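Report on the structure
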Amino acid sequence: MSTGIIQFLTVFVLAGFVGIEVISAVPSILHTPLMSGSNAIHGIVLVGTILIMGEARGAAQITLAFFAVLLATLNIVGGFVVTDRMLEMFKAKPAERPRRNTGGGDRREGDG
Amino acid sequence: MTLNTGIDLVYLLAAIGFILALKGLSSPRYARNGNLLAAAAAALAVGFTFARPEVRAHTLNLVLTLVAMVLGSAIAVPAARRVKMTAMPQMVAIFNGVGGGAAALISVVVFVIEAPGQPAVYRIGEVLFGVLVGCVSLSGSAIAFAKLQELMTGRPVTYPGQQVINALVGAAILVLAVSTLLTASVPLLAATAVLSLALGVIFVLPIGGADVPVLISLLNSFTGLAVAASGFTLNNNLLIIAGTLVGASGVLLTRMMSKAMGRSLGNVLFSAFGSVVTAGSGADGTGETRSVRSGTPDDIGVLLAYSRKVVIVPGYGLAVAQAQHTARELADLLMERGVEVFYAIHPVAGRMPGHMNVLLAEANVPYDELKEMDEANPEMATADVALIVGANDTVNPAAKSTPGSPIYGMPIINADEAEHVVFLKRSMRPGFAGIDNELLFDEKTTLLFGDAKDTLGKLVSAVQDA
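Residues numbered from 1 in each chain as written. Chains lettered and ligands numbered in written order. Predicted model: local features only at pLDDT ≥ 70, side-chain atom pairs only at ≥ 80, totals over all residues. Heavy atoms only, no water.

As a further point, take the pairing of strand E4 (residues 385-389) of chain B. All names here are of chain B. Within E4, 5 of the 5 residues are buried, leaving the element largely enclosed by the surrounding structure. The side-chain alternation of E4 yields two buried faces, one formed by Val385, Leu387 and Val389 and the other by Ala386 and Ile388. Pairing between strand E1 (residues 309-314) and E4: 5 bridges, direction parallel. Its bridge partner being in E4, isoleucine 312 is matched across the sheet by leucine 387. Relative to strand E5 (residues 420-425), E4 runs parallel, the two being bridged by 5 bridges. Directly across from valine 385, in E5, lies its bridge partner histidine 420. (Buried < 20%, exposed > 50% of the residue type's maximum accessible area, 1.4 Å probe, protein only. Helix = DSSP H or I, 4+ residues; strand = E, 2+ residues; numbered from the N terminus. Pairing = 2+ DSSP bridges.)

Following this line, the structure appears as structure tokens:
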């Protein structure tokens, strides 16, 4: 076994601890956005698919690699856009809140 | 410094970005910035990957990469933009599944390239892990999507001999994986991939619709691990770090979610909610014949208008009817009359933890009117009316009182403690867990049938007239 794999295993184990440590306490309102955000982060598999497309030779390999890039793009792009849409809702609201006189129509005065 | 060292440094920066992003995503204040930071880090890493000579060596491959990326973005952006807030969970499921598929494909291509050279056993092991976990995540997410999108029943799917079939598929994968390790044969790896896809399907089928969100979180974690495995096969630290971060934090998040439902993860995955559902639904056989009291919007409007304290308990029915704005209108109207109003949010109200908060935030309901379950429950006993809008399982007292019930032990909003209970429901159909709710038959309960948006609208005009 080469020393390379040991180095990668080291990175793997340490990243595992960081992953657990970094989200120790999440309020339940953020469970969904956090799941969605981490879903987007593993979309970085796109980098791997681009690299593998570079190595692919012959129709079969290239076809597989093409679908790999396509799927990874869906993951990363869709993941970040969906998460951003969710979190848009969480921006701080201005303190004043207009009290509307119920949703009827907007009747304009002086119309007739 | 060589070009590749420079790119590796960029990858390191991206990895730091991801760690900080996860940290940000776990606090309400920095969540949005966290997500933007992660997106920037990802864009940086992807951009610099194109600087690698091997990526640009063959024009055809490079062009196809760009075509696939443009095509993927053209599909993903509109899909993610247009999806309704209520359909978010299944959207996350599908984006997660394709990520798992991509990771599995990387492993397959690496194997096809290296197999003729009889690679070392640990190299094949990395490939097998990526293929197995990636495929399970892909097909599992597809079934989870189908369940949430109601393309198939949300109930747990059970069939005779299920355990035996699961065991057989598991054993077959084990045998195939070991033979692949020994022979480095491509057809054997393909067979392993196919059976892993089957494993994902039979793993998810028996999990009930109400538990699917927890499952999606777990599958998200799986995809992370599959991506880490691709990182090993490609000798790429960034993929290892990002994948492992998601894999590890995903397991923790999954446990937090199942805890919010008052169940252990093992219970969510393997109890097959299903095996008990029969026991639960046996008891409600009498449900059809028992009488419930349904009221008119006017009666309920008067009841609400002359209350001191009203608690709104929103559920999935409110979400599907897009009634969050009308609910806020009713709440505002009541508050103008001096009624104390707040929303009691169950952690799994809607289809995912935190889902309801997102929907109500969309309707500009201020934070201080949203109370989490633990904060709301002590106040239920002093409430005059618990107005339950399209929720069912999350207020079902069977969770406290009926040990045989599938939801026994799940924390609920104690709507039954309020002086009056009003249910706005589409029909007498049971909730997502598929069991009847005793509270519907209670004598202090009034029901108002119809689409949540309609009935809330009628209540608004009834309160105005009261």
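Past the structure itself, the notes keep going.
Further remarks concern the sheet that holds E4 of chain B. Residue and element names in this part refer to chain B. The 6 strands lie next to each other as E3-E2-E1-E4-E5-E6, forming an open sheet whose pairing is parallel. Looking at strand neighbours, the two that pair on one side only are strand E3 (370-372) and strand E6 (445-449), the edges of this open sheet. Averaged over all pairs of adjacent strands, the angle between strand axes in this sheet comes to 25°, irrespective of strand direction. Lying over the sheet, helix H15 (residues 324-336) contacts E1, strand E2 (340-345) and E4, oriented at roughly 145° with respect to E2. (Axes fitted to C-alpha atoms, helices over the stretch in contact; angles between N-to-C directions. Contact = heavy atoms within 4.5 Å.)

We now examine the interface of chain B and chain A. At the interface, 110 residues of chain B touch 83 residues of chain A. Between chain B and chain A lies a buried interface of about 8700 Å² when both sides are counted; carbon and sulfur atoms form 75% of it. One can count 2 salt bridges joining chain B with chain A. For arginine 32 of chain B, the salt bridge is made with aspartate 84 of chain A, and the minimal N-O distance between the two is 3.0 Å. Here chain B and chain A share 14 residue pairs in polar contact (both at pLDDT 80 or more) between them. Element by element, the count of residues in the side of chain B that touches chain A is highest for helix H5 (residues 88-114) of chain B, at 17 residues. Looking at the side of chain B that touches chain A residue by residue, the class counts come to 69 nonpolar, 27 polar and 14 charged. (Buried area = accessible area lost by both parts, 1.4 Å probe. Salt bridge = Lys/Arg side-chain N within 4 Å of Asp/Glu carboxyl O. Polar contact = N/O pair within 3.5 Å; in protein donor to acceptor, adjacent residues only side chain to side chain. Nonpolar A, V, L, I, M, F, W, Y, C, P; charged D, E, K, R; others polar.)

Residue and element names in this part refer to chain B. One non-glycine residue, alanine 184, adopts positive backbone phi at about 55°. Here alanine 184 shows up in the loop between helix H7 (162-183) and helix H8 (186-204). Look at asparagine 235: it is not a glycine, yet its phi comes out positive at around 55°. Within the element layout of this structure, asparagine 235 appears in the loop between helix H9 (212-234) and helix H10 (237-260).

Per-residue pLDDT for chain A averages 81, and the proportion of residues at 70 or more is 77%. Counted against residues more than four places away or in other chains, residues 92-112 of chain A, with its pLDDT under 50, gives 18 contacts. (pLDDT = per-residue confidence, 0-100.)

Residue and element names in this part refer to chain B. Tracing the chain through its elements places threonine 326 in helix H15. You can call threonine 326 buried: its relative accessible area is 10%. Those residues in contact with threonine 326, other than ones at most four positions away along the chain, are Lys453, Leu456, Gly457 and Val460.

Turning to the packing of H15 of chain B against helix H19 (residues 452-465) of chain B, a few remarks are in order. The axes of two packed helices give the description: the angle between them and the distance between them. All names here are of chain B. Packing of H15 against H19 brings their axes to within 9 Å, and their N-to-C directions diverge by 20°. By the angle class used here, H15 and H19 are roughly parallel. Seen from above, H15 lies across H19 with left-handed handedness. Together, Thr326, Ala327, Glu329, Leu330, Leu333 and Leu334 of H15 and Lys453, Leu456, Gly457, Leu459, Val460, Val463 and Gln464 of H19 make up the contact between the two elements. (Parallel < 35°, antiparallel > 145°, perpendicular 65-115°, else oblique. Left-handed = near helix turned anticlockwise from the far one by under 90°.)

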